[in-house]
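Results of the structural survey
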Amino acid sequence: MTHFQQKTFIKPCWNLAPLDERFGISGLTDLRADWTELQAQMCLPPTGLSSSPIVPWIIWGLWKARNRYVFENFAGTPADILSQAIVAAKEWASAQEKKAKCSQKSPVQMSRELGTIARSDAAWSATTKNAGLGWTVTSREQRTMLKKGIGFTPSALVAEGLALKAAVGTCSFHRVKEVLFESDSNQLISAVNGNNPPLELYGIVEDIHIIASAFDDVVFGWISRERNEEADLLAKNALRLMGKLKQCWSSVLVLSMVVIGTGAVPITYLQSAVAKGAVCLDGSAPAYHFDKGFGSGVNNWIVHMEGGGWCTDVASCIKRKGTMKGSSKFMNKDFGFSGILGGKQNTNPDFYNWNRIKVRYCDGSSFTGNVEAVNPANKLFFRGARVWRAVIDDLMAKGMKNAQNAILSGCSAGALAAILHCDTFRAILPRTARVKCVSDAGYFIHGKDISGGSYIQSYYSKVVALHGSAKSLPISCTSKMKPELCFFPQYVVPSMRTPLFVINAAFDSWQIKNVLAPTGVDKRKEWANCKLDLKKCSAAQLRTVQGFRDQMMRALSPIHSTPSRGLFLDSCHAHCQGGSAASWSGAKGPQVANTKISKAVGNWFYGRSAFQKIDCPSPICNPTCPAISTDE
């Protein structure tokens, strides 16, 4: 019997127990003498027993299992014993009049002003058991908006608890000291603040208390659904995206995170554009964020276009219109400006006090679509070019008609739009104004893929055909070649009249994945790891990647041919490097010729010095390159 207990019950059961790995039962020989130490062993999360001992209940479970084996010849499993022990411990803890709370802070008065406010919400499907979690964390310095999709969630209340736990975790990760957590679930807040949470919330509430123990001041309060609209929209959007996945994931899937910097800029919905047919894919009004200039920058303007890929067929556009990239209904209501749009002089010295605008991207065609007809079957509006013009006209009415200096810029698909619309932008503004354009990761090349073909050309051909983009592309290009080729900057730039500055990575992470080694070409998935992390490439693959840089160099020849154009080509494996203060001007941001991006662009724009610099040739030669790519 002793052998059976040791091999089948005792050791496996203790191995499964959620205890500190330093705890060992083998050294305990006298139960009476060692009882105090046994009771001191706390159960690790997420079982919900952080403040109650678990070891005595495991011992009790083993004793009962031994008796059942002796008297009933019934042999259970170690997992059953441990599960019953946890249940018994919870029942015991809930029966206590005063449960010990080793981690919960005493609540402070709600009238006390705390440094950070975090709000959470959840959306839950009773059919699929999927849940969408959304939460916002707002401090004096920045706002962070996050959402997650998670599968196998038993109830709406559990989903609410997980959303609050995620918000608490975010604040703990960022070392917040004072925080007010708000949820529109009164039952959840009562459970967190009370002594007897519902059984389904038991573990979640305990985990919240554990994490919250790191805060100096913490309050959990109820908020009305109307005041919690942002978190609600994030949660619903996360659940909607979960529903579009082809398979369910048992682990949490992080779908999106938007960090909003100092002075979040509210959204402007351009409702007047709807009557002109200038609408997003779903027919909703276009939108932008506008931070007004001041001081010496009151008549200077920078219009930055958001990126976010393209949709090539009806199916992909229908999926897109259910997200913020296809509908303004799902866009966050405010946005933090940083990098080239930053409002701080120390991080953006040349443009911090300009009128700074971020145009939201909701058409899937780099603002080139122009199809009048709308198919009633899919109700898709391909009107990107109209959206761009409607926004520009609205800004002209708001003071851009008096511009002295102006920049049209963008990231990724938005940077391509900045190139395609650059000369038109110049023509609209006053002739006396200094007008230039900046492309950040928008110089997509007409490159060969790993099969020797050009997958990206066929891809762009579908975009141009579906959205009716041909008539919106520069006629100086379309008069010479096929419209889809005019989606490649290397064929547009030679005839451009407006000065252009190109910020790009020679080993652009998006282009390595989608131009060089697209999934549609990599049938055997031999490039699946390499294209995501160049350190995982074989020697042969690295030679191919180096060949892609050679293609990039040839495609950039129109930039070199004109002194008025600028170029910052680093050897990073990155995409969109001008959108954050860290990469734009930060101490650890990328440099070429000992120059940061912000200084290179600023000097070029104001004519202080020209800048056409190319980095060293290897993907590992520049120590200032970020370790992780920064896709928008």
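As shown above, the structure is provided for reference.
Rules and cut-offs
- Residues numbered from 1 in each chain as written.
- Predicted model: local features only at pLDDT ≥ 70, side-chain atom pairs only at ≥ 80, totals over all residues.
- Heavy atoms only, no water.
- Helix = DSSP H or I, 4+ residues; strand = E, 2+ residues; numbered from the N terminus.
- Buried < 20%, exposed > 50% of the residue type's maximum accessible area, 1.4 Å probe, protein only.
- Contact = heavy atoms within 4.5 Å.
- Areas by Shrake-Rupley, 256 points an atom, 1.4 Å probe, with all protein chains shown as cover.
- Polar contact = N/O pair within 3.5 Å; in protein donor to acceptor, adjacent residues only side chain to side chain.
- Pairing = 2+ DSSP bridges.
- Axes fitted to C-alpha atoms, helices over the stretch in contact; angles between N-to-C directions.
- Disulfide = S-S within 2.5 Å.
- Phe/Tyr/Trp six-rings, centres within 6.5 Å; stacked < 30°, edge-to-face > 60°.
- Lys NZ or Arg CZ within 6 Å of the ring centre and 35° of its normal.
- Core = buried A, V, L, I, M, F, W, Y, C linked by side-chain atoms within 4.5 Å.
- Expected span 1.5 Å × (residues − 1).

What the protein contains, in helices and strands, is 20 helices and 18 strands. Per-residue burial over the protein gives 53% buried out of 632 residues. The contacts in the protein between residues at least 6 apart in sequence include a share of 75% that link residues at least 24 apart. About 28200 Å² of surface is accessible on the protein, with carbon and sulfur atoms providing 54% of the total.

Here Asn228 is to be found in the loop between β5 (217–222) and α8 (229–243). According to the relative accessible area criterion, Asn228 is buried, its value standing at 1%. Sequence-distant contacts of Asn228, that is, excluding residues within four places in its chain, are made with Arg119, Ser120, Asp121, Asp184 and Ile223. A distance of 3.4 Å separates polar atoms of two side chains, one belonging to Asn228 and the other to Asp184.

On the basis of which strands lie adjacent, the open sheet formed by 10 strands has the order β10-β7-β8-β11-β9-β12-β13-β14-β15-β18 and mixed pairing. Two strands close off the open sheet at either side, each with one partner strand: β10 (334–335) and β18 (612–614). Inspection of the sheet shows strand β7 (residues 265–269) paired to strand β8 (residues 287–291) by three bridges, in the antiparallel sense. When the sheet's bridge partners are listed, Tyr269 is paired in β8 with Ala287. Where helix α11 (residues 413–420) meets the sheet, it contacts β9 (300–305), β12 (405–411), β13 (434–440) and β14 (500–505), and its direction lies at approximately 140° from that of β12. With respect to the sheet, helix α20 (residues 597–606) is in contact with β9, β12, β13, β14 and β15 (566–570), its orientation differing from that of β13 by roughly 155°.

Moving on, we get to the pairing of β8. With four of its five residues buried, β8 lies for the most part within the structure. Pairing geometry for β8 and strand β11 (residues 355–359), over four bridges, is antiparallel. Across the sheet, Phe290 pairs through a bridge with Ile357, a residue of β11.

Our focus in this paragraph is the environment of Glu226. With respect to the element layout, Glu226 can be found in the loop between β5 and α8. Here the alpha-carbon distance between Glu226 and Asp184, two residues 42 residues apart in the chain, equals 9.0 Å.

Overall, the coordinates contain eight disulfides when judged by the stated rule. Across a sulfur-sulfur distance of 2.1 Å, Cys311 and Cys317 are joined as a disulfide pair. Measuring handedness by torsion sign, the sulfur bridge of Cys311 and Cys317 sits at about 85° and is right-handed. Residue Cys311 shares its accessibility class with Cys317, and that shared class is buried.

Position of Ser183 among the secondary structure elements: in strand β4 (residues 178–183). Owing to a relative accessible area of 0%, Ser183 belongs among the buried residues under this scheme. Excluding its chain neighbours within four sequence positions, the residues that come into contact with Ser183 are Ser120, Glu160, Leu188, Ile189, Gly221, Trp222 and Ile223.

Once that is clear, we can look at the packing of aromatic side chains. Tallying each qualifying case throughout the model produces 22 aromatic pairs. Consider the rings of Phe568 and Phe611, whose centres lie 6.0 Å apart with planes at 15°: the pair is stacked. Of this pair, Phe568 sits in strand β15 while Phe611 sits in the loop between α20 and β18, and the two are 43 residues apart along the sequence. On the accessibility criterion, Phe611 (6% relative accessible area) is buried. Every member of this aromatic cluster is reached through a ring pair, and the members are Trp310, Phe444, Tyr459, Tyr460, Phe487, Phe488, Tyr491 and Trp510. Seen from the ring of Trp604, Lys436 lies directly overhead, with NZ or CZ sitting 4.7 Å from the centre.

Quick look at the environment of Ala287 now. Checked against the element boundaries, Ala287 lands in strand β8. Separated by 40 residues in the primary sequence, Ala287 and Ser327 place their C-alpha atoms 9.5 Å from one another. Residues contacting Ala287, with those up to four places away along its chain left out, are Ile267, Thr268, Tyr269, Ser328, Met331, Val359 and Arg360.

A few words now on the nonpolar core. In this structure, Val303, Trp310, Met400, Phe425, Tyr443, Tyr460 and Phe487 are the most contacted members of the largest nonpolar core, which totals 75 residues. Sort the elements by how many residues they give to this core and helix α10 (residues 384–397) lands first, with seven residues. In contact with Phe487, not counting residues within four places along its chain, are Trp310, Ser365, Ser366, Thr368, Leu416, Leu420, Tyr460, Val463, Val464, Ser469 and Leu473. Counting 32 residues, the second largest nonpolar core, distinct from the first, contains Ala163, Ala191, Leu201 and Ile204.

On to helix α5 (residues 156–173), then. Given 3.6 residues to a turn, an α-helix orients residues that are three or four positions apart in the same direction. A rise of 1.5 Å per residue sets the reference length of α5, with its 18 residues, at 26 Å; its end C-alpha atoms lie 26 Å apart and thus fit the reference within 8%. Those residues of α5 lying buried are Leu157, Val158, Ala159, Glu160, Gly161, Ala163, Leu164, Ala166, Ala167, Val168, Thr170 and Cys171. Of the residues one or two after α5, Arg175 is the one with positive phi, at around 55°.

Okay, the side chain of Asn378 next. Looking at where Asn378 falls in the secondary structure, it is placed in the loop between β11 and α10. A residue is classified by how much of its surface remains accessible, and Asn378, at 13% relative accessible area, is buried. A distance of 3.0 Å separates a polar side-chain atom of Asn378 from the backbone nitrogen of Leu380. For Asn378, the residues in contact, after removing those within four places along its chain, are Val314, Ile318 and Lys321.

Remember that the coordinates give geometry; whether it matters functionally is a separate question.
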